[in-house]
Amino acid sequence: QVQLVESGGGLVQAGGSLRLSCAASGATFRTYSMGWFRQAPGKEREFVASISWSGGNTYSDSVKGRFTISRDNAKNTVYLQMNSLTPEDTAVYYCAVRLTWIATTRSADFGSWGQGTQVTVTS
């Protein structure tokens, strides 16, 4: 029932920053654990970061120290602040709702995927 819309992607030079937003509607956002994933052409959808209803977060090794996930429950929005971007970060970025109480990084355990937002990082 929840609908998610990602925004904030774009074209940026290596070393630059972007902030992605994921706006939720149609359900009680504050009860959801949320995740960010990314997918490059021909590759599997890859876990990036997640945040629980209480604010605890998890990051993939590839983005630790560079990306920060946060949420504003009053605005029904989750964010992904991306710093020190590299061309390897180029992908379509998606947000999703975690469907299980179990801590997981598997895309199959998330749903209500948004349409994605393109991030392109040039050298």
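Heads up: these notes are all about the structure in this document.

Cut-offs and rules
- Residues numbered from 1 in each chain as written.
- Predicted model: local features only at pLDDT ≥ 70, side-chain atom pairs only at ≥ 80, totals over all residues.
- Heavy atoms only, no water.
- Salt bridge = Lys/Arg side-chain N within 4 Å of Asp/Glu carboxyl O.
- Buried < 20%, exposed > 50% of the residue type's maximum accessible area, 1.4 Å probe, protein only.
- Core = buried A, V, L, I, M, F, W, Y, C linked by side-chain atoms within 4.5 Å.
- Helix = DSSP H or I, 4+ residues; strand = E, 2+ residues; numbered from the N terminus.
- Contact = heavy atoms within 4.5 Å.

Structural notes on the pattern of salt bridges
For step 1, the next point in the chain: For the structure on display, the rule yields five salt bridges.
For step 2, the next point in the chain: Its salt-bridge partner being Lys64, residue Asp61 comes within 3.2 Å of it at the nearest N-O pair.
For step 3, the next point in the chain: The class for Asp61 is exposed, based on a relative accessible area of 64%.
For step 4, the next point in the chain: By relative accessible area, which is 49% here, Lys64 ends up partly exposed.

Concerning the nonpolar core
For step 1, the next point in the chain: In this structure, Trp36, Leu80, Met82 and Tyr93 are the most contacted members of the largest nonpolar core, which totals 28 residues.
For step 2, the next point in the chain: Among the elements of the structure, strand E3 (18–25), strand E4 (34–39), strand E5 (46–51), strand E7 (67–72), strand E8 (77–82), strand E9 (91–98) and strand E11 (117–122) are those that each provide at least two residues to this core.
For step 3, the next point in the chain: Aside from chain neighbours lying at most four places away, what touches Tyr93 is Glu6, Leu20, Trp36, Phe37, Arg38, Val48, Phe67, Leu80, Met82, Gly116, Thr117 and Val119.

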